[in-house]
Amino acid sequence: MYKTKACGKCEMPAPGTELKALVLNGSLKHSKDISDTEELAQLVLQEMRTHKVSSEIIRLADKNIPVGLGFKENNEDDWPGIVDKIKASDIVIFATPVWWGGRSSLIQRVIERMDALDEEYRADGRSALYNKVAGIVITGSEDGALATMGSIMMVLTWMGFTLPPECAAYWVGEVGQPVAEDRAKRRANDATNHMAKNLARNLVYYAQLLKTNPLIPKKEAFGTGLG
């Protein structure tokens, strides 16, 4: 069970460093509809803006992301443009509602399509996602947040993202209660609000560290032998 933790500012390692944050919003709602997931992600971004972090949210439901494992599946595929934005970002937030105990089909599709980036990593010993910090935002009407969070974390760390402490913020409602009341309850929830603030602080802290001290593996050190 998550226990509400204190939140506060800290001394940053490289104040003034300009950073870019990208939110991949896996809500199944389209842009004309209000999304609880996006609203919580916006709260995290709001906390980041005091640290010279510019941001963009991509509503995946409005994009054409076909099934496949390649970098580009067809001429209408929006995935290559999304990858360009991921590569240009210092912070990437994976935001998803809980659907039947797991991540949304859209976040699952993103994970599947990122396999092409994993192949790049295996080919030359470097990951295009090294030196990028990842965070997770989850909303839902009932349980499932922790399991969803854990499964996404596993993928992100193996892909090459850096996951800072307290790298997620979530809120899930009580079982059997009216979904229409969720937004008001979430906004008033101190634990979720504190998680959002600590998530934002920690993402910026580690993004500044990696921006000024990037991890750069030497290509010649990469091999398949054991010694």
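The structure this text deals with has already been given above.
Quick summary incoming for the structure in this document.

Regarding unusual backbone geometry
Its identity is not glycine, yet Trp100 carries a phi of approximately 50°, on the positive side. Within the element layout of this structure, Trp100 appears in the loop between strand E3 (91-97) and helix H3 (105-113). At Asn131, a residue that is not glycine, the phi angle is positive and equals roughly 70°. With respect to the helices, strands and loops of the structure, Asn131 is situated in the loop between helix H4 (115-124) and strand E4 (133-140).

Let's talk about the packing of helix H1 (residues 36-48) against helix H7 (residues 190-212)
The axes of two packed helices give the description: the angle between them and the distance between them. It is at 8 Å that the axes of H1 and H7 come closest, and there the two elements cross at 50°. One element, H1, and the other, H7, form an angle in the oblique class. Considering how the two elements wind past one another, H1 and H7 form a crossing that is right-handed. Of H7, the residues touching H1 (which contributes Leu40, Leu43, Val44, Glu47 and Met48) are Thr192, Asn193, Ala196, Lys197, Leu199, Ala200, Leu203 and Val204.

Brief notes about the nonpolar core
Counting 56 residues, the largest nonpolar core has Leu24, Met48 and Met114 as its most contacted members. If one sorts the elements of this core by residue count, H7 sits on top with eight residues. In this structure Leu24 touches Ile58, Leu60, Ile82, Ile86, Val92, Ile93, Phe94, Ala95, Ile107 and Val110, once residues within four positions along its chain are discounted.

Some remarks on H1
Taking 1.5 Å of rise per residue, the 13 residues of H1 would be expected to cover 18 Å, and the 19 Å separating its terminal C-alpha atoms lies within 8% of that figure. Turning to H1, its buried residues number three or more, namely Asp36, Thr37, Glu38, Leu40, Ala41, Val44, Leu45 and Met48. The residue sitting at the N-terminus of H1 and contributing the capping side-chain oxygen is Ser35; that oxygen lies 3.3 Å from the backbone nitrogen of Thr37.

A few points about the pairing of strand E5 (residues 168-172)
The element E5 is largely enclosed, with a buried count of four among its five residues. With five bridges connecting them, E4 and E5 associate as parallel partners. Across the sheet, Ile136 pairs through a bridge with Ala168, a residue of E5. Handedness of the β-α-β unit built from E4, helix H5 (residues 145-159) and E5 comes out right-handed.

Here is what the cut-offs are and how they apply
- Residues numbered from 1 in each chain as written.
- Predicted model: local features only at pLDDT ≥ 70, side-chain atom pairs only at ≥ 80, totals over all residues.
- Heavy atoms only, no water.
- Helix = DSSP H or I, 4+ residues; strand = E, 2+ residues; numbered from the N terminus.
- Axes fitted to C-alpha atoms, helices over the stretch in contact; angles between N-to-C directions.
- Parallel < 35°, antiparallel > 145°, perpendicular 65-115°, else oblique.
- Left-handed = near helix turned anticlockwise from the far one by under 90°.
- Contact = heavy atoms within 4.5 Å.
- Core = buried A, V, L, I, M, F, W, Y, C linked by side-chain atoms within 4.5 Å.
- Buried < 20%, exposed > 50% of the residue type's maximum accessible area, 1.4 Å probe, protein only.
- Expected span 1.5 Å × (residues − 1).
- Polar contact = N/O pair within 3.5 Å; in protein donor to acceptor, adjacent residues only side chain to side chain.
- Pairing = 2+ DSSP bridges.
- Right-handed = clockwise from strand over helix to strand, strands pointing away.

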